[in-house]
Amino acid sequence: MDVVSFFIYSFVSIFVIVSPIGVVVTFISLTSSMTQEEKNSIATRATLLACTICIFFAVTGHSILNVFGISVDSLRVAGGILLFKVAFDMLLSKVSGESVTEEEIHESLSRDDVWIFPIALPLMTGPATITTVVVLSGTSPLISYKLVVLLAFLLTFGICFVTLYYSRRLYKLIGYTGAHVITRLLGLFLAALAVDFVTHGVWNIYSNLAGIT
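Note that the coordinates shown come from a computational prediction; the quantities given were computed from them, not determined experimentally.

Some thoughts on unusual backbone geometry
Here comes step 1: Each neighbour pair has its own omega, and for phenylalanine 117 with proline 118 the value is 10°, a cis peptide bond.
Here comes step 2: Tracing the backbone shows proline 118 in helix H6 (residues 115-124).
Here comes step 3: In this structure, the amide linkage connecting leucine 121 to the following residue, proline 122, adopts the cis form with an omega of 20°.
Here comes step 4: Here proline 122 is to be found in helix H6.
Here comes step 5: Residues other than glycine seldom take positive phi values, yet serine 19 does so here, at roughly 50°.
Here comes step 6: Structurally, serine 19 is set in the loop between helix H1 (3-18) and helix H2 (20-31).
Here comes step 7: The class for serine 19 is buried, based on a relative accessible area of 6%.

Description of the UniProt feature "transmembrane region" (unreviewed entry) in the protein
Here comes step 1: When the UniProt feature table is mapped onto this chain numbering, "transmembrane region" (unreviewed entry) sits at residues 6-30, 42-65, 114-137 and 143-166.
Here comes step 2: For residues 114-137, helix accounts for 88% and strand for 0%, while the C-alpha atoms at its two ends are 29 Å apart.

Quick word on the confidence of the model for the protein
Here comes step 1: Averaged over the protein, the pLDDT score is 87; the fraction of residues at 70 or greater is 90%.
Here comes step 2: Here helix H5 (residues 102-108) stands out as the least confident element of the protein, with mean pLDDT 58; helix H8 (residues 143-165) is the most confident, with 95.

A short note on the packing of aromatic side chains
Two descriptors summarise a pair of aromatic rings, namely the distance from one centre to the other and the angle between the planes of the rings.
Here comes step 1: One pass over the full model with this rule turns up seven aromatic pairs.
Here comes step 2: Summarising the aromatic geometry, the rings of phenylalanine 7 and phenylalanine 11 are spaced 6.3 Å apart at their centres and angled 15° between planes, so their arrangement reads as stacked. Here phenylalanine 7 and its partner phenylalanine 11 are both found in helix H1, four residues apart, which amounts to about one turn of the helix.
Here comes step 3: Residue phenylalanine 7 is classed as partly exposed on the basis of its relative accessible area, which comes to 22%.
Here comes step 4: Aromatic pair phenylalanine 161 and tyrosine 165: ring centres 5.6 Å apart, planes at 45°, arrangement tilted.

The rules we used
- Residues numbered from 1 in each chain as written.
- Predicted model: local features only at pLDDT ≥ 70, side-chain atom pairs only at ≥ 80, totals over all residues.
- Heavy atoms only, no water.
- Helix = DSSP H or I, 4+ residues; strand = E, 2+ residues; numbered from the N terminus.
- Buried < 20%, exposed > 50% of the residue type's maximum accessible area, 1.4 Å probe, protein only.
- UniProt positions renumbered as here; feature names shortened; annotations may be inferred.
- pLDDT = per-residue confidence, 0-100.
- Phe/Tyr/Trp six-rings, centres within 6.5 Å; stacked < 30°, edge-to-face > 60°.

Rendered as structure tokens:
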């Protein structure tokens, strides 16, 4: 896969998993009683923290896997299964239990650090997002491909920041029904991505084992 194709693949993968429209729905419910300035501050800090988390795992993820003796392909298979669970919840237009539960969202209404939990972590950078970043970063040893992954999630979070910044206008434009339709469509793409992760991971593991024997 050439660099341009890999960038498109990485961007679509991360964008679908982060699902900015899905984040907007929860973001609005958590910031409904805040002023515009407070809401914008929450959006800014949450996006910066999410980017920092992704950069950390993009840089150190492969080393962490080596410490525990886990291959990228094993993580790809496990991540694919996790992504399929998230995709199934998105197809049902539910808040995924992989990221945050309805009870946790309700409890967060009385907290001052909602930009950390649950917005930045785990809504924007949940286990599925982190797994995808690590897998994509470990796909090729070439620095150009790693920079492509970095660009892909920076672009994704840039879009996410814009959607959060203009969340109330966006929600008025697309409405409740539109948001759920978009979430379901993204869930379908995410399910396909999950299958791709699993099949590639299983094939690579099989190929490595066959090469050893």
